[in-house]
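Observations on the model geometry
Below, each chain spelled out in residue letters.
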Amino acid sequence: MKKLVKVLGVFGIAAFAFSSCNQSGTSTDASGAGSEEAVEVSITDLKIAYVMTDSVIAKFDYFKEKSEEITEKGKKFESELGSRARGFEQEVSNFEQTANSMTPNQARAKQEDLMKKERNLMTYRDNLMQELSADESKLYGEVYDKIADYLKVYADENDLEMILSYTRGGAVWYSKKSLDVTDHVIDGINKKYASQKDNK
């Protein structure tokens, strides 16, 4: 009987200790929740700005200069392609005028030659378009990297935790105009680009 009382006593102490631990655990959870609330409150104090992405790209001098180079390259390609196309059309016209004086074998051979030239012309056109497209993709990649690098520096200098990209139809539907740092970024990134050009 005494042994049973001792055993029950041990279980009672263990149960009390367990409930105390559980209560302290609850209080810990509560304090944890309180700390979460504190974190949430501090999040509202984040220093955030945004840039009008399209404006930054369009007014970035590096982008404007490289875009003009690609445009000029495109005009040159267009001129070359037009010249080849006119030459091919003239050859087709000449064939149509002289086809009646050719033997069937000669006409067939000329038709095959013209078809081959047409395919070559189409391939040439496609290659030019792919080259221009690759140039544009490369330019946008370079511009994105340059802007991203500059924004890191700008954020550090202006004690900003976040800079959002604002585009029509994007994720940000509304923001106070006072958070718009687009003009500052455009001015700064162009000054940086100008100084880099001068140092070359």
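Our structure's up above, just so we're on the same page.
Residues numbered from 1 in each chain as written. Predicted model: local features only at pLDDT ≥ 70, side-chain atom pairs only at ≥ 80, totals over all residues. Heavy atoms only, no water.

**A word on the pattern of salt bridges**
Just so we agree on the cut-off: The working definition used for a salt bridge is a side-chain nitrogen of Lys or Arg within 4 Å of a carboxyl oxygen of Asp or Glu. Put simply, DSSP H or I for four residues or longer makes a helix, DSSP E for two residues or longer makes a strand, and each gets a number counted from the N terminus. Each residue's exposure class comes from its accessible area (1.4 Å probe, protein chains only) as a fraction of the maximum for that residue type: buried when under 20%, exposed when over 50%, partly exposed otherwise.
Here the structure, examined in full by the defined rule, presents 14 salt bridges. In this structure, the salt-bridge partner of lysine 66 is glutamate 69, at a minimum N-O distance of 3.8 Å. Here the residue lysine 66 and the residue glutamate 69 both occupy positions in helix 3 (residues 61–98), the gap between them amounting to 3 residues, near one helical turn. Using a relative accessible area of 27% as the deciding quantity, one classes lysine 66 as partly exposed.

**A look at the packing of helix 3 against helix 4 (residues 104–157)**
Relative orientation and spacing of two packed helices are given, respectively, by the angle between their axes and the distance between those axes. Note the threshold: Note on geometry: axes are lines fitted to C-alpha atoms, helical ones only across the stretch in contact, with angles between N-to-C directions running from 0 to 180 degrees. Any angle between 65 and 115 degrees counts as roughly perpendicular, while under 35 counts as roughly parallel, over 145 as roughly antiparallel, and the rest as oblique. Residue polarity is assigned by list, with Asp, Glu, Lys and Arg as charged and Ala, Val, Leu, Ile, Met, Phe, Trp, Tyr, Cys and Pro as nonpolar; anything else, Gly included, falls into the polar class.
Where helix 3 meets helix 4, the axes come as close as 11 Å, and the angle between the chain directions of the two elements is 175°. Taken together, the axes of helix 3 and helix 4 are roughly antiparallel relative to one another. Grouping the constituent residues of the contact of helix 3 with helix 4 by class yields 18 nonpolar, 3 polar and 15 charged.

**Comments concerning the nonpolar core**
What counts is decided by this rule: In these notes, a set of buried Ala, Val, Leu, Ile, Met, Phe, Trp, Tyr and Cys residues joined through side-chain atoms within 4.5 Å is what counts as a nonpolar core. By definition, residues are in contact when any of their heavy atoms lie within 4.5 Å.
Counting 25 residues, the largest nonpolar core has Phe60, Val143, Ile147 and Val185 as its most contacted members. At the level of secondary structure, the elements contributing two or more residues to this core comprise strand 1 (48–52), helix 2 (53–58), helix 3, helix 4 and helix 5 (182–199). Take this core: its biggest share by element is 10 residues, from helix 4. In contact with valine 185, other than residues within four places in its own chain, are Val51, Val56, Tyr150, Leu151 and Tyr154. Grouped together as the second largest cluster of nonpolar side chains are 5 residues, Phe88, Phe95, Ala107 and Leu114 included.

**Thoughts on helix 5**
Definition in use: Expected helix span is taken as 1.5 Å per residue step, with the number of steps being one fewer than the number of residues.
Relative to the 26 Å expected for 18 residues at 1.5 Å per residue, helix 5 spans 26 Å between its end C-alpha atoms, a close match to the ideal helical length. In this fold, the buried residues of helix 5 make contact with strand 1, helix 2, helix 3 and helix 4.

**Description of the side chain of threonine 182**
Along the chain, the position of threonine 182 falls in helix 5. The buried category is assigned to threonine 182, whose relative accessible area is 4%. What threonine 182 contacts, discounting residues up to four positions off in sequence, is Tyr50, Val51, Met52, Ser55 and Val56.

**Some points on the packing of helix 3 against helix 5**
Relative orientation of the contacting elements helix 3 and helix 5 amounts to 65°, with a least axis distance of 8 Å. Where helix 3 approaches helix 5, its residues Asp61, Tyr62 and Glu65 are matched on the opposing element by Asn190, Tyr193 and Lys197. Residue classes in the contact of helix 3 with helix 5 are distributed as 2 nonpolar, 1 polar and 3 charged.

**Focus on the packing of aromatic side chains**
Aromatic ring pairs are reported here in terms of the distance separating the ring centres and the angle at which the planes meet. Short version of the rule: Two rings from Phe, Tyr or Trp (for Trp, the six-membered ring) form a pair when their centres are within 6.5 Å of each other. A pair whose planes differ by under 30 degrees is stacked, one over 60 is edge-to-face, and the rest are tilted.
What the rule picks out here adds up to 6 aromatic pairs. The interplanar angle of 40° and the centroid separation of 5.9 Å between the aromatic rings of phenylalanine 60 and tyrosine 62 together place this pair among those described as tilted. Among the residues examined, phenylalanine 60 registers a relative accessible area of 2% and is labelled buried. Here tyrosine 150 and tyrosine 154 contribute two aromatic rings whose centre-to-centre distance is 6.2 Å and whose plane-to-plane angle is 35°, an arrangement assigned as tilted. Taken together, the residues span about one helical turn, with tyrosine 150 and tyrosine 154 both in helix 4 at a distance of 4 residues.

**Re the environment of leucine 179**
By the secondary structure assignment, leucine 179 is in the loop between strand 2 (162–166) and helix 5. For leucine 179, a relative accessible area of 31% gives the class partly exposed. As a C-alpha pair, leucine 179 and alanine 49 span 130 residues in sequence and 4.6 Å in three-dimensional space. Residues within four places of leucine 179 in sequence aside, it is in contact with Ile48, Ala49 and Tyr50.

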